[in-house]
Every structure is written in C-alpha cells, then in structure tokens.
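A structural walkthrough
Below are the chains, spelled out letter by letter.
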Amino acid sequence: TITVKNNERHVLVTGGAGYIGSHTVVELLKDGYNVIVVDNLTNACEESLVRIQKLSNRPLKFYHANILDEKILTEIFEKYNIWGVLHFAALKAVGESTKIPLEYYWNNVTGSLNLFRIMEKFDVYNIVFSSSATVYGDPDMIPVNEKSSLGPVINPYGKTKLFIEETLRDMCNADNKWNAVILRYFNPTGAHPSGIIGENPRGVPNNLMPYVSQVVQGRLPFVNIYGDDYDTFDGTGVRDYIHVCDLATGHVAALRKLKTKPGCVAYNLGTGVGYSVFQIIKAMSRACGKDIPYKIQQRRPGDVGIVTADASLANIELDWYPKYNLDQMCQDLWRWTSINPMGYPESIIEKKNKL
Ligand code: NAD
Ligand code: WQD
C-alpha cells in the first residue's frame with residue numbers, strides 16, 4: 001500500500017498533555033506549527049488538550065499512546081510529514097525513581113531509544129529533549145553553565161536524563177544528519193496566565209511550589225522546610241524558579257535553532273536568580289493574601305544547598321529571555337489553583353474511581 005503523506009509540516013510532541021508540554025503546545029500552535037501529541041496519560045489527562053485547543057482556537061491531533069509502542073509510533077510517522085520532535089514524555093518523580101528504578105529506566109530510557117530509532121527510520125533528525133538541572137549533580141560553581149561537569153547523579157531519574165543526553169551526543173557525533181537541542185530546565189513553576197491550564201500533580205506533590213499552594217488551599221496542614229542549615233543566606237535551599245510559559249517560548253526558540261542544523265547543543269533554561277524556601281513561602285503568601293504555616297524539618301536526602309543557572313548561552317544563541325518574575329509565577333500558580341482547586345475535572349473523576 002502507498003501511504004499518501006499529509007503535506008503540512010508537523011511537529012510531534014511526546015508528553016504534550018503534561019505540565020510543560022501543554023504550555024509549550026499553546027506556544028507552538030500560536031507560532032503556526034501543526035501539532036501531534038502522543039501521551040499515555042500516566043501523569044496527565046485529556047482535558048488539558050481540550051483546553052489548549054480552546055485557548056489557541058486551533059486544533060491539534062492526539063494519540064493516547066505509549067512511546068514504547070513501536071507500532072503506533074510507526075503509524076504516526078507513516079501518516080504525517082513530521083519535521084521534528086519535542087520529547088517531554090518521561091516519569092519525573094525523583095523519590096519514586098529510587099523505589100522503582102526499573103520502571104524509570106524502561107519508560108524514560110527505552111522509550112527514548114525506541115522513539116529515536118523510529119525517527120531515524122523515517123529520516124526525521126530534529127529533536128528537542130527535556131533535560132534537567134539535575135544532570136549537574138551538586139555543581140561546584142554557581143551559577144552553573146553548560147561547560148560545568150555533568151554528574152555524579154545519584155538518583156535513577158537524573159541518571160535517565162544524563163543517559164539520554166549522552167545518547168543524543170553520540171548520535172549527533174556519529175551522523176551529522178542528527179540535530180538535538182537539549183534544554184536543561186531549572187525549577188519550572190507557575191501556570192498559563194489565563195488560569196485555564198497548569199500543573200496537575202497526582203497525590204501529595206514532591207516539589208515545593210505545588211506543595212505550598214496545597215497548603216494555602218488547606219489540603220495540607222503546613223509546609224515542611226527541608227533544612228535551615230544550608231550554606232545559603234537564610235539557611236534554606238536556594239533554587240532558580242522559572243515560569244512555565246518562559247520554558248514554552250524556549251522550546252519555540254529551540255525549534256528555530258534546529259533549523260540552523262546545530263548538531264548537539266545544550267542550553268540551561270533558568271532566570272539566573274535564586275530564591276530560598278523562605279522567600280518562596282513569602283512570595284506565595286503575597287500572591288494569595290494568606291499566612292502560610294511551616295515547620296523546619298531535617299534535610300531531604302539528595303538535596304543540595306544552592307542551584308542557579310547561567311542562562312546566558314540560551315540568551316545569546318537562542319535569543320531567548322525569560323519575561324516573568326517570581327511574583328508573577330506565584331500569582332499565576334495561585335490563579336490556576338483557585339480556578340481549578342482539584343486540578344482538571346477528569347482527575348477528580350479518576351480520584352473518585354480509585355476510592
Ligand atoms: P509531566 O508528568 O506533567 O509530563 C510528562 C508527560 O509525559 C505526562 O503527560 C505523561 O503522561 C507523559 N508520559 C510519561 N511517560 C510516557 C510514555 N511512556 N509514553 C507517552 N507519554 C508518557 O511532567 P512535566 O513537568 O511536564 O515534565 C516534562 C519533561 O520535563 C519531563 O521529561 C521531565 O523529566 C522534564 N523536566 C521536568 C521538570 C519539572 O520540575 N517539572 C524539571 C526538569 C525537567
Ligand atoms: C526546591 C527546594 C527543597 C519541597 C526537583 C528535581 C529536579 C527537577 C525539579 C525534574 C529545595 C525545598 C521542597 C518541600 C522544601 N525536576 N523543599 N519542602 O529538588 O530543586 O528539583 O524538581 O527534572 O530534577 O530534583 O525542586 O521543588 O523539590 O525543591 O523545603 O516540601 O525546596 O529542599 O531546596 P528540586 P523542589
């Protein structure tokens with residue numbers, strides 16, 4: 001049989017129903033891309049995609065599928081003229097990855113390898129990969145730049161990111177048809193300013209920001225501050241928080257970069273400004289107009305004192321500059337939380353079914 005390819009240029013977005021993926025798809029649609037999302041909805045629900053289309057007033061194509069599924073991916077690549085792939089799909093909970101490492105290696109590493117092999121089979125050589133500041137381990141220089149040494153990474157989640165990065169570097173070295181933009185996100189937070197899409201954590205959040213917002217809602221009693229004896233100005237951990245909509249425009253910039261056939265390049269996406277846990281609690285308190293209770297606890301195993309980004313390479317080479325400050329991150333997170341107190345409606349139904 002002869003497959004007639006749809007002539008429009010498409011980008012494939014794996015994990016596009018998730019937190020960062022959904023915000024990026026909004027920007028891609030705005031920028032005129034035709035978007036195909038593949039997501040197995042292990043940590044997302046279809047409602048995010050319904051809302052993206054309303055917000056953008058443009059349609060997208062959705063496959064409820066696993067990136068490990070060679071047959072479905074092959075079908076998609078046969079059907080559409082795909083120009084490039086934005087690869088978000090991954091399991092991402094650091095703590096969980098130490099408990100079920102095999103699941104993390106299988107999903108993240110084998111899933112990525114499967115995707116890359118199918119891309120190669122269909123002569124699709126442009127990829128943007130979601131990596132993380134975690135690949136730097138405990139950096140010896142702050143702010144951390146892309147020349148800093150990578151690792152050692154102690155948790156399986158971080159190891160999957162480092163291994164996929166290394167795979168992409170080897171692939172680009174071996175064959176100059178391949179082009180990969182690796183984006184190392186620092187601490188993503190906030191939500192779309194419309195309050196219509198945002199992060200939808202399942203169960204008790206692991207990350208500070210969603211945890212704090214659930215304390216404000218009264219769903220959790222207080223914030224646990226994991227250590228006030230770090231070598232930072234107030235003793236609590238300092239991180240580089242970045243608005244998810246700034247990350248989204250970073251991906252559009254990465255696609256522009258891919259058009260110049262750069263080989264394998266890695267960029268930090270952060271603001272360069274670090275905030276402590278105390279400062280985060282104060283900023284969220286300002287955004288929602290409520291006091292936020294907290295308790296000082298022991299350090300969380302594996303945490304480091306301070307991580308901030310030197311993002312000047314992305315500023316220069318991608319012409320990408322973050323626009324949102326901490327107060328806007330907190331206001332947008334709080335708007336999303338107020339409008340959607342239990343996240344997307346589908347997840348309320350799912351939670352009820354589990355009871
Ligand atoms: P998310 O969980 O909201 O999004 C990931 C999406 O991938 C989910 O929708 C999930 O259902 C999907 N998915 C997972 N495994 C899949 C599979 N095998 N097949 C198809 N779909 C699958 O997470 P996010 O915060 O949006 O993160 C997106 C990417 O960015 C991930 O690769 C993550 O590791 C990376 N990252 C996230 C952060 C962060 O703090 N949020 C920081 C650095 C890097
Ligand atoms: C931020 C600060 C904590 C929760 C993680 C991953 C990283 C990346 C982003 C995926 C730290 C403190 C936290 C709480 C607290 N994800 N904290 N109480 O650890 O910088 O990065 O998410 O790639 O790989 O490791 O983010 O939000 O968990 O913590 O005091 O309940 O808040 O100690 O200083 P982290 P985080």
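My aim in this report is to walk through the structure given alongside it, one point at a time. Keep in mind it's a predicted model, so treat the numbers as computed, not measured.

For the chain, the count of helices and strands is 12 helices and 14 strands. Relative to the globule expectation of 20 Å for 355 residues, the C-alpha radius of gyration of the chain, 20 Å, shows essentially globular dimensions. With the C-alpha coordinates of the chain rotated into their principal frame, the extents come out at 65 × 45 × 40 Å. Burial statistics for the chain: of 355 residues in total, 55% are counted as buried. The contacts in the chain between residues at least 6 apart in sequence include a share of 80% that link residues at least 24 apart. When the accessible surface of the chain is totalled, it reaches about 16,200 Å², and 52% of it is carbon and sulfur. Charge centroids of the chain, computed over 37 positive and 37 negative side chains, lie 4 Å from each other.

As a further point, take helix α7 (residues 208-217). Along α7, nine of the 10 residues are buried, which leaves the element largely enclosed by surrounding structure. Contacts made by the buried residues of α7 are with β7 (187-189), β8 (223-226), β10 (241-243), α9 (277-288) and α11 (326-339). Just downstream of α7, Gly218 is the residue with a positive phi angle, here 85°.

Tyr157, Asn224, Arg239, Arg300 and Asp303 are the nearest of the 17 residues found near ligand 2. Tyr226 has a polar backbone atom sitting 2.9 Å from an oxygen atom of ligand 2. A distance of 2.8 Å separates an oxygen atom of ligand 2 from a polar atom in the side chain of Arg300. A total of 680 Å² of accessible area belongs to ligand 2 in isolation, and the protein chains cover 88% of it.

With respect to the helices and strands, the residue Asn315 is situated in helix α10 (residues 312-317). A relative accessible area of 18% means that Asn315 is categorised as buried. For the pair formed by Asn315 and Val216, sequence separation is 99 residues and the distance between their alpha carbons is 35 Å. Once residues within four sequence positions are removed from consideration, Asn315 is found in contact with Trp320, Tyr321 and Pro322.

Neighbouring residues of ligand 1: 26 residues in total, closest Ile20, Asp39, Asn43, Phe88 and Tyr157. A distance of 3.0 Å separates a nitrogen atom of ligand 1 from a polar atom in the backbone of Ile67. For ligand 1, an oxygen atom lies 2.7 Å from a polar atom in the backbone of Phe88. Put simply, the parts of the chain that give the shell around ligand 1 at least two residues each are α1 (19-30), β5 (126-132) and α6 (156-174). In terms of residue count, β5 provides more of the shell around ligand 1 than any other element does, three residues in total.

Before going further, it helps to spend a moment on the packing of α7 against α9. Contact geometry for α7 and α9: axes closest at 11 Å, N-to-C directions at 45°. Classified by the angle between their axes, α7 and α9 sit oblique to one another. For the crossing formed where α7 meets α9, the hand is right-handed. Residues Leu208, Met209, Val212, Ser213 and Val216 of α7 form the contact with α9, whose participating residues are Val277, Ile280, Ile281, Met284 and Cys288. Of the residues contributing to the contact of α7 with α9, the split by class is nine nonpolar, one polar and no charged.

Moving on, we come to the packing of aromatic side chains. Following the criterion strictly, the structure yields six aromatic pairs and no others. A ring pair is formed by Tyr125 and Trp178, whose centres lie 5.3 Å apart and whose planes are at 90°; its orientation type is edge-to-face. Here Trp178 lies in the loop between α6 and β6 (179-185) and Tyr125 lies in the loop between α5 (101-121) and β5, a separation of 53 residues in the sequence. Taken individually, Tyr125 and Trp178 each receive the classification buried, so the pair is uniform in this respect. Between Tyr136 and Phe186, the aromatic rings sit 6.5 Å apart at their centres with planes inclined by 35°, giving tilted as the arrangement. Of the two residues, Tyr136 is situated in the loop between β5 and α6 and Phe186 in the loop between β6 and β7; the sequence distance between them amounts to 50 residues.

With that settled, the discussion passes to the pairing of strand β3 (residues 61-64). In this sheet, β3 lies alongside strand β2 (residues 34-39) in parallel orientation, the contact comprising four bridges. Directly across from Val38, in β3, lies its bridge partner Tyr63. Crossover β2 to β3 through helix α2 (residues 47-56) is right-handed.

We now examine the side chain of Thr74. Here Thr74 shows up in helix α3 (residues 70-79). The residues contacting Thr74, other than those within four sequence positions of it, are Ile118 and Phe122.

Calculation criteria
- Residues numbered from 1 in each chain as written.
- Chains lettered and ligands numbered in written order.
- Predicted model: local features only at pLDDT ≥ 70, side-chain atom pairs only at ≥ 80, totals over all residues.
- Heavy atoms only, no water.
- Helix = DSSP H or I, 4+ residues; strand = E, 2+ residues; numbered from the N terminus.
- Rg over C-alpha atoms; globule rule 2.2 N^0.38 Å.
- Buried < 20%, exposed > 50% of the residue type's maximum accessible area, 1.4 Å probe, protein only.
- Contact = heavy atoms within 4.5 Å.
- Areas by Shrake-Rupley, 256 points an atom, 1.4 Å probe, with all protein chains shown as cover.
- Lys, Arg positive; Asp, Glu negative; His and termini not counted.
- Charge placed at Lys NZ, Arg CZ, Asp CG, Glu CD.
- Near = heavy atom within 4 Å.
- Polar contact = N/O pair within 3.5 Å; in protein donor to acceptor, adjacent residues only side chain to side chain.
- Axes fitted to C-alpha atoms, helices over the stretch in contact; angles between N-to-C directions.
- Parallel < 35°, antiparallel > 145°, perpendicular 65-115°, else oblique.
- Left-handed = near helix turned anticlockwise from the far one by under 90°.
- Nonpolar A, V, L, I, M, F, W, Y, C, P; charged D, E, K, R; others polar.
- Phe/Tyr/Trp six-rings, centres within 6.5 Å; stacked < 30°, edge-to-face > 60°.
- Pairing = 2+ DSSP bridges.
- Right-handed = clockwise from strand over helix to strand, strands pointing away.

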